[in-house]
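Given next are the chains, with one letter for each unit.
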Amino acid sequence: MYYYRYDNPEVSCCYKYLMFSYNIIFWLAGAAFIAVGFWAWSEKGVLSDLTQVTRMHGFDPVWLVLVVGGVTFTLGFAGCVGALRENICLLKFFSGVIGLIFFLELTAAILAVVFRTQVKDWINDFFLQNIKAYRDDIDLQNLIDSLQKMNHCCGAQEPDDWNTNVYFSCNDTNRSRERCGVPFSCCLADPAESVVNTQCGYDVRARDNKKEWNSVIYVKGCMAALEDWLPRNLYTVAIVFIVISLLQVSELLLNLHCRTKSR
């Protein structure tokens, strides 16, 4: 295999190894993400039966881990090898993908601000879809439970959203013990309990007086909790976005410098 390398003055060792060090972290992080993703799939038996991927009705968090890991691993590899070998093709690929990701992030942020109502409706529908698939995947179940516990919420708009799940539905044909209940993550935390009571949400929604729910479960929907969380943490979100953007811009500038020097 041949690659093109310019015979003009090489890239400064300082810039070369700075870019290499910068990208090897992402390379190793990408490899770790991929390893964790495949480990999670092996634990769920997906690797031994790949048809489970197509039977999943909700969002499988492992997909996100694998996609992020794959992109990070590929970019880290291109950046490391491109800097060390002064491979212009790899450096161009690296800067092109980083620039595309930065553009997509910026576009997504602008669209989210402009189309706030549509984005809110999409998130609400996405949440309801995954409530239906709550018992289909253990990782999705843990993700929803963590979201509800951290934000002290239950369902997308209200606890009755759990009626869309076949196990928690109040339908007369439902013979599940969880009928007319909610997951334990909807329950109010009791500091006196050292062991989590996973049955605390049983039969809660069977009570006709919804005011009684307040003493057992969170009645605020997670969409309302998200709307309350964003204004309180607006500066944190802005700082995270700025830091990520600066890292990507610094990668681009460093890469462009290396490419210029190797011409």
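Model, not experiment: these values are computed from the prediction.

## Describing the UniProt feature "transmembrane region" (unreviewed entry) in the protein
Phase 1: Here the UniProt feature "transmembrane region" (unreviewed entry) sits at residues 20-41, 61-81, 93-115 and 234-254.
Phase 2: Between the end C-alpha atoms of residues 20-41 the distance is 31 Å, and the span holds 100% helix and 0% strand.
Phase 3: For residues 93-115, helix accounts for 96% and strand for 0%, while the C-alpha atoms at its two ends are 32 Å apart.

## What to know about the pattern of salt bridges
Phase 1: Taken as a whole and assessed by the stated rule, the structure comprises seven salt bridges.
Phase 2: Note that Arg205 and Asp160 form a salt bridge whose closest N and O atoms lie 3.4 Å from each other. Remark: Asp160 occurs in the loop between helix 6 (138-151) and helix 7 (222-232) and Arg205 occurs in the loop between helix 6 and helix 7; sequence separation between them is 45 residues.
Phase 3: With relative accessibility at 7%, the residue Arg205 sits in the buried group.
Phase 4: Residue Asp160 is classed as partly exposed on the basis of its relative accessible area of 23%.
Phase 5: Between Lys210 and Asp160 there is a salt bridge, with the nearest N and O atoms lying 2.9 Å from each other.

## Overview of the environment of Leu247
Phase 1: Here Leu247 lies in helix 8 (residues 234-261).
Phase 2: Overall, the relative accessible area of 39% leaves Leu247 in the partly exposed class.
Phase 3: Residues Leu247 and Tyr22, spaced 225 residues apart in sequence, show a C-alpha to C-alpha distance of 10.0 Å.

## With respect to the confidence of the model for the protein
A low pLDDT means the predicted coordinates there should not be read in detail.
Phase 1: In the predicted model, the protein carries a mean pLDDT of 82, and 83% of its residues have values of at least 70.
Phase 2: For the stretch residues 1-9, pLDDT sits under 50, and the model shows twelve contacts to residues farther than four places along the chain or on other chains.

Reading the values: rules and limits
- Residues numbered from 1 in each chain as written.
- Predicted model: local features only at pLDDT ≥ 70, side-chain atom pairs only at ≥ 80, totals over all residues.
- Heavy atoms only, no water.
- UniProt positions renumbered as here; feature names shortened; annotations may be inferred.
- Helix = DSSP H or I, 4+ residues; strand = E, 2+ residues; numbered from the N terminus.
- Salt bridge = Lys/Arg side-chain N within 4 Å of Asp/Glu carboxyl O.
- Buried < 20%, exposed > 50% of the residue type's maximum accessible area, 1.4 Å probe, protein only.
- pLDDT = per-residue confidence, 0-100.
- Contact = heavy atoms within 4.5 Å.

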